[in-house]
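One-letter residues, chain by chain:
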Amino acid sequence: MIANKKIIYIEPLKNKKRNIVVDEDSVVIEVIDEDSKDFDKFKTNISIADNINVEYVYLFNKNITSPIIEDREIKLGINTRLKNYYCYLGSNFTVTLKQQLDSHSELDHNVVFLADQKNNLNIQAKNNFLYPKAKGVFTIQGIVKDQARAGYYSSIIIDQIAKDANAKLEMSAINLSKEAKISLVPALKVATNQVNASHSARISNLSKKQLFYLNSRGIDKIQAQELLIQSVFQSFLDKLPNEEIKNKIEALLKNKLS
Amino acid sequence: MSKAKDTKEKLWGNANPAPYMQATSRGLTKKIVKQISASKHEPNWMLQHRLDSLELFKNMPMPNWGPDLSKLDLDKITYFAQAHDQQATDWKDVPKDIKNTFDKLGIPQAEQKALAGVGAQYESTVIYHNLKQQWQDQGVIFEDMDVALQKYPELMSEYFMKAVPSHLHKFTALHGAVWSGGTFLYVPKGVNIDLPLQAYFRMNAKGMGQFEHTLIIVEEDAQAHYIEGCSAPRYGVDSLHAGCVEIYVKKNARFRYSSVESWSKDAYNLNTKRAIVEENARIEWVGGNFGSNVTMLYPCSVLKGLGASADHLGLAFANSGQIQDAGAKVIHLASQTSSNIVMKSISKGGGVSLYRGLVDISAKADNVSISVNCDALLLDDNSHSDTIPVMKINNATATVVHEARAGKISAKDLFYLQSRGLSEEEAINMIVNGFIEPITRELPLEYAVEMNRMIELEIEGGIG
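Here's a quick rundown of the structure. The structure displayed is predicted, hence computed values, not measured ones.

### A look at the overall build of chain A
Thought 1: For chain A, the helix and strand inventory stands at three helices and 15 strands.
Thought 2: In terms of C-alpha radius of gyration, chain A reaches 18 Å, essentially the compact-globule figure of 18 Å for 258 residues.
Thought 3: Within chain A, residue pairs in contact and separated by at least 24 positions form 82% of the contacts whose partners lie at least 6 positions apart.
Thought 4: If you sum the accessible surface of chain A, you get close to 11300 Å²; carbon and sulfur atoms cover 48% of it.
Thought 5: In chain A, the 36 positive side-chain charges and the 30 negative ones have mean positions that sit 6 Å from each other.

### Description of the nonpolar core
Thought 1: Tyr88, Phe129 and Ile158 of chain A together with Ile247 and Phe255 of chain B are the most contacted members of the largest nonpolar core, which totals 116 residues.
Thought 2: If we skip the residues at most four places from it in the chain, Phe255 of chain B touches Leu185, Ile216, Val218, Ala224, His225, Tyr226, Ile247, Val249, Arg282, Ile283 and Glu284 of chain B.

### Here's the deal with the layout of surface pockets
Residue and element names in this part refer to chain B.
Thought 1: Looking at the largest pocket, its volume works out to about 670 Å³.
Thought 2: The wall of the largest pocket is formed by 27 residues, among which Trp65, Met296, Tyr298, Lys329 and Arg356 lie closest to the centre.
Thought 3: Looking at the lining of the largest pocket, the elements that each hand over two or more residues are α9 (170-178), β13 (272-277), β15 (294-297), β20 (352-361) and β22 (384-393).
Thought 4: In terms of residue count, β20 provides more of the lining of the largest pocket than any other element does, four residues in total.

### Focus on the packing of aromatic side chains
Thought 1: Here the structure, examined in full by the defined rule, presents 17 aromatic pairs over all chains.
Thought 2: Ring centres 4.8 Å apart and planes at 35° place the aromatic pair Tyr58 of chain A and Tyr86 of chain A in the tilted group. With Tyr58 of chain A in strand β5 (residues 53-60) and Tyr86 of chain A in strand β7 (residues 81-89), the pair connects residues that are 28 residues apart, well separated along the chain. Tyr86 of chain A matches Tyr58 of chain A in its accessibility class, with the two residues each being buried.
Thought 3: A ring pair is formed by Phe160 of chain B and Trp179 of chain B, whose centres lie 5.1 Å apart and whose planes are at 45°; its orientation type is tilted. You can see Phe160 of chain B sitting in the loop between α8 (153-159) and α9 and its partner Trp179 of chain B sitting in the loop between α9 and β4 (182-187), a full 19 residues away along the chain. One exposure class covers both Phe160 of chain B and Trp179 of chain B, and it is buried.
Thought 4: Through pairs of rings, three or more aromatic residues link up here, namely Tyr56, Tyr58, Phe60, Tyr86, Tyr88 and Phe93 of chain A.
Thought 5: Residue placement shows Lys344 of chain B over the ring face of Phe435 of chain B; its charged tip is 4.8 Å from the ring centre.

### Observations concerning helix α11 (residues 424-440) of chain B
All names here are of chain B.
Thought 1: Taking 1.5 Å per residue, 17 residues should reach 24 Å; α11 reaches 23 Å between its end C-alpha atoms and fits that length.
Thought 2: Along α11, the sharpest change in direction is near 35° and occurs at Gly434; proline Pro438 comes one to four residues later.
Thought 3: If you check which residues of α11 are buried, you get Ala427, Ile428, Asn429, Ile431, Val432, Phe435, Ile436, Ile439 and Thr440.
Thought 4: As for α11, its buried residues are in contact with β14 (282-289), β17 (309-318), β19 (338-347), β21 (369-378), α10 (411-419) and α12 (445-459).

### As for the side chain of Thr80 of chain A
Residue and element names in this part refer to chain A.
Thought 1: Here Thr80 shows up in the loop between β6 (68-76) and β7.
Thought 2: With relative accessibility at 0%, the residue Thr80 sits in the buried group.
Thought 3: Apart from the residues within four sequence positions on either side, Thr80 is in contact with Ile48, Ala49, Asp50, Asn51, Ile52, His104, Ser105 and Glu106.

### Section: the interface of chain A and chain B
Thought 1: Facing 33 residues of chain A, the contacting portion of chain B comprises 33 residues.
Thought 2: Sorting the residues of chain A by area buried against chain B places Lys178, Asn193 and Ile203 of chain A first, and these three jointly supply 24% of that buried surface.
Thought 3: Connecting chain A to chain B are two salt bridges.
Thought 4: If you look at where chain A meets chain B, you find 15 residue pairs in polar contact (both at pLDDT 80 or more).
Thought 5: Residue assignment for the side of chain A that touches chain B shows that the elements contributing at least two residues are β14 (181-190) and β15 (195-204) of chain A.
Thought 6: Relative to β22 of chain B, β14 of chain A runs antiparallel, the two being bridged by six bridges. Bridged to Leu188 of chain A within β22 of chain B is Thr387 of chain B.

### Some words on the environment of Asn19 of chain A
All names here are of chain A.
Thought 1: Mapped onto the elements, Asn19 comes out in strand β2 (residues 17-22).
Thought 2: Considering only alpha carbons, one finds Asn19 and Tyr152, 133 residues apart in sequence, at a separation of 25 Å.
Thought 3: Here the side chain of Asn19 touches Asn45 through a polar contact of 3.2 Å, side chain to side chain.

About the criteria used
- Residues numbered from 1 in each chain as written.
- Chains lettered and ligands numbered in written order.
- Predicted model: local features only at pLDDT ≥ 70, side-chain atom pairs only at ≥ 80, totals over all residues.
- Heavy atoms only, no water.
- Helix = DSSP H or I, 4+ residues; strand = E, 2+ residues; numbered from the N terminus.
- Rg over C-alpha atoms; globule rule 2.2 N^0.38 Å.
- Contact = heavy atoms within 4.5 Å.
- Areas by Shrake-Rupley, 256 points an atom, 1.4 Å probe, with all protein chains shown as cover.
- Lys, Arg positive; Asp, Glu negative; His and termini not counted.
- Charge placed at Lys NZ, Arg CZ, Asp CG, Glu CD.
- Core = buried A, V, L, I, M, F, W, Y, C linked by side-chain atoms within 4.5 Å.
- Buried < 20%, exposed > 50% of the residue type's maximum accessible area, 1.4 Å probe, protein only.
- 1 Å grid on protein atoms, 1.4 Å probe; cavity = no way out; pocket = protein on both sides within 12 Å on 5 of 7 lines; lining within 4 Å.
- Points joined across faces, edges and corners; volume = space filled by probe spheres on them.
- Phe/Tyr/Trp six-rings, centres within 6.5 Å; stacked < 30°, edge-to-face > 60°.
- Lys NZ or Arg CZ within 6 Å of the ring centre and 35° of its normal.
- Expected span 1.5 Å × (residues − 1).
- Bend = angle between axes of the 7 residues up to and from the residue.
- Buried area = accessible area lost by both parts, 1.4 Å probe.
- Salt bridge = Lys/Arg side-chain N within 4 Å of Asp/Glu carboxyl O.
- Polar contact = N/O pair within 3.5 Å; in protein donor to acceptor, adjacent residues only side chain to side chain.
- Pairing = 2+ DSSP bridges.

Here you go:
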């Protein structure tokens, strides 16, 4: 976090389509929750100007049962540094996320999601490296529990002229319930050889060994699962550039786990 | 002639005259399907199966989720051609020109040295089939599918196109209608065949279609290794291979299926392979895809029994004009099943290689463990590599790990090797051979050498 960075709050969602332009070094905070208007479908275009450093925090926490679809497109300018922190909590939510990286831009995209109850979270993310020397690190962590369904498709697409691209995608998910379902697709589409591209994915649960260790210290299975969820979120929360939004997510998480 | 050029000539050259093509016609009709069935004196149920499959084929759409197949003109394909109407069990009885082709491919020599049995198919029919006496004595059945249909009708009706049904997709429907030749292997309970068995499929004439069917049953506690090879001369006219492999691996059995596919670069290779694996049984797929214009091939393991396991090792080389869309599918239906997928691809000269994979864990399958590892090497900056792994997890006790990397040959590694006296080409060959070593080391030596030669051949002509 850069000290004294300007904080920009994006006002609650009011229209089906909106354009967000960020043209100075800043921390941007966008929350979609009960204060936002109900739309079954909305579109967000975000444009980040050239040569700036931006940290963008996005929290989706709208608890309605009917499905919501967001189409979100983010364009990074030349030599732009963007750190994204996306947190999805609850709801039936389908996101189509398209991010475009210009030359020398750097994107650090961090996502954490918790799909619980009977919610269905479906995210389709396309990350296009369009010009040379762009760098992207994509870290996706998620938890599914109860009878929730989560599907996350994330692709890194490196065009032929996007030489010297550096891309890394890491996806991990924890499935805490026999009735929950999860599907991950970490895709790589590479059209040039001057790249360094990799991806990895891991789906796991609290192992018997870990559970035994925690049990032996007086922690039962439910508490152990809560600890696991907290640990996944903690690594995300620790990176956040703003205390206020950090406290908000912590409170929401505590509420969900209680 | 260099060894690599020699390999090229024997795989994609050596076309024989094909006078038998005068008796054939192009395109697919009910009449042709009936003729195929009649020429083989098939039972009624098989004719009906063919006709039902034909109807399915007509009504199913072309797959639109993968490579573009719109240029494949199915009306210009010859669906059945018989070069020779007798099957031999001695190479001396095979017509000279056909025997020469297989001699150049090294099949009779390999049979003598290192194989338990050999089948050789030329166009639509098998022209040679033999199994060494010691395995016959132990009850092993290794036959051409047409012969097996006559001799073992119960096994055929129980297993034929049950793992890969005609309705799976358009090309399995086509296969169900026009299949011809192929291999039937039955390994009785407790028998361990310690030498590999091999089948080789050769398309010779222009515009041919080959639709061999491989059906393998490995009974409880049995073990075997089967190798398939294939090739065709180049004509500049599309040909089609839509074979089908069905493997049943019973309780505690172990089976390895190796294949080196070297169809000519005007062939569409749209093959379907699937294994049903029962309790504590194991299937191992080892495959190399080099030839063909478009390949769509995703061997599938269905882990049906408790503790079953699958290994998928694959290599694809996509050179100029080629699309190698290959991968692996593993469906975990039972608990404590495990799978390991290792896929390597090399792209050059604008070639496109794709890994398309699926791991699917059913809700009832507890404690499943999966590891997927994909590496792509791009030898120039206009080639493509895509990795599309799908992981569907419906059980909370599963552990799934996937890793993939794409990139070029490290300049540091090249510099190191060149500083020790290797030419650039030698250094690249050495690095590429190291890259594919996890696959080649699982093949018998002769095939590993052949695969290395194929790579050398494909790399020849410079790196961008």
